[in-house]
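Fold and geometry: a report
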Amino acid sequence: MRTEPESGGLAASLAELKAYLRIETGGEDAVLAGLLRSAATLCEQFVGQWLVAREARETVAGTGGWQRLSARPVLAIESVAAVDADGESEALPVDAYAIDIDAAGDGWVRSTRAGDRRVLAVSYRAGMAGELNGLPEALRQGIVRLAADHYLARGAESAAPPAVVSALWRPFRRMRLT
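First, a word on scope: everything that follows refers to the structure included in this document. This structure is a prediction, so every number in the text was calculated from the model and none was measured.

Some thoughts on the overall build of the chain
- Assigned secondary structure in the chain consists of 4 helices and 8 strands.
- Each helix (α) and strand (β) of the chain, taken in turn from the N terminus, gives the series β-α-α-β-β-β-β-β-β-β-α-α.
- Here the C-alpha coordinates of the chain stretch approximately 60 × 30 × 30 Å along the principal axes.
- Here the chain holds 178 residues, and the buried ones make up 39% of them.
- Expressed as a percentage of contacts within the chain between residues at least 6 apart in sequence, the contacts between residues at least 24 apart total 72%.
- Surface exposure of the chain reaches about 9600 Å², of which carbon and sulfur atoms provide 52%.
- Between the mean site of the 20 positive side-chain charges and the mean site of the 23 negative ones, the chain shows a separation of 6 Å.

So this is what it looks like as structure tokens:
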């Protein structure tokens with residue numbers, strides 16, 4: 001199973017981080033933007049959800065059983081194609097597969113063709129909000145605070161996010177049992 005997200009925008013603005021750090025010049029904008037991206041990635045890993053909606057393409061087994069998509073919350077499953085052993089892709093007609101998005105935002109797909117052992121390539125869209133300003137304020141504030149913490153630490157970071165960041169993100173955390 002492989003997910004290939006397309007690049008999304010920042011989950012918190014550079015202006016927010018600069019204001020939090022009281023930085024008025026643009027000399028470190030690239031560093032700060034990188035810290036925001038890494039803080040957003042850590043946030044996504046912590047809460048188990050994609051923040052800003054973006055496209056994904058994932059391959060799952062086409063064995064006939066339901067396969068859960070790895071990103072969540074899934075907003076839409078846009079297409080399903082069968083990929084053979086040579087890597088050739090064939091768009092499937094709607095009667096050749098079944099899709100579902102459950103109440104928790106998990107996306108599911110399965111082949112309805114008996115004996116079809118090809119891999120399914122699924123294109124879908126996932127994320128909590130359509131844009132930066134649609135994210136819950138606690139998530140954005142945690143991202144800004146984590147990026148600021150990394151900026152101020154300058155290489156002396158600890159492995160765990162600061163407790164205040166964890167407290168801001170914890171209500172949005174979704175974990176999967178395997």
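Past the structure itself, the notes keep going.
Focus on the sheet that holds strand 7 (residues 107-111)
- Taken in spatial order, the 3 strands line up as 3-7-6 in an open sheet, and their pairing is antiparallel. The outermost strands of the open sheet, each flanked by one partner alone, are strand 3 (67-68) and strand 6 (97-101).
- Alignment of strand 6 against strand 7, held across 5 bridges, turns out to be antiparallel. Bridge assignment links I99 to a residue of strand 7, and that residue is V109.

Here's the deal with the pairing of strand 8 (residues 119-126)
- With 6 of 8 residues buried, strand 8 lies mostly within the body of the structure.
- Pairing geometry for strand 2 (residues 54-60) and strand 8, over 7 bridges, is antiparallel. Among the inter-strand pairings, R54 is bridged to a residue of strand 8, identified as A126.
- Where strand 4 (residues 74-83) meets strand 8, 8 bridges bridge the pair, whose relative direction is antiparallel. What sits directly across from A76, in strand 8, is R125.

Notes on the nonpolar core
- Grouped together as the largest cluster of nonpolar side chains are 25 residues, with contacts concentrated most on L17, L51, I143 and W169.
- For this core, the elements supplying multiple residues, two or more each, are helix 1 (14-21), helix 2 (29-47), helix 3 (137-153) and helix 4 (163-169).
- The leading source of residues in this core is helix 2, at 8 residues.

Side note on the packing of helix 2 against helix 3
- Between helix 2 and helix 3, the shortest axis-to-axis distance is 8 Å and the interhelical angle comes to 125°. In terms of their interaxial angle, helix 2 and helix 3 are classed as oblique. Taken as a pair, helix 2 and helix 3 cross one another with a handedness that is right-handed. Facing L32, L35, L36, A39, A40, L42, C43 and V47 of helix 2, the residues of helix 3 in contact are L139, I143, L146, A147, H150 and Y151.

The rules behind each value
Residues numbered from 1 in each chain as written. Predicted model: local features only at pLDDT ≥ 70, side-chain atom pairs only at ≥ 80, totals over all residues. Heavy atoms only, no water. Helix = DSSP H or I, 4+ residues; strand = E, 2+ residues; numbered from the N terminus. Buried < 20%, exposed > 50% of the residue type's maximum accessible area, 1.4 Å probe, protein only. Contact = heavy atoms within 4.5 Å. Areas by Shrake-Rupley, 256 points an atom, 1.4 Å probe, with all protein chains shown as cover. Lys, Arg positive; Asp, Glu negative; His and termini not counted. Charge placed at Lys NZ, Arg CZ, Asp CG, Glu CD. Pairing = 2+ DSSP bridges. Core = buried A, V, L, I, M, F, W, Y, C linked by side-chain atoms within 4.5 Å. Axes fitted to C-alpha atoms, helices over the stretch in contact; angles between N-to-C directions. Parallel < 35°, antiparallel > 145°, perpendicular 65-115°, else oblique. Left-handed = near helix turned anticlockwise from the far one by under 90°.

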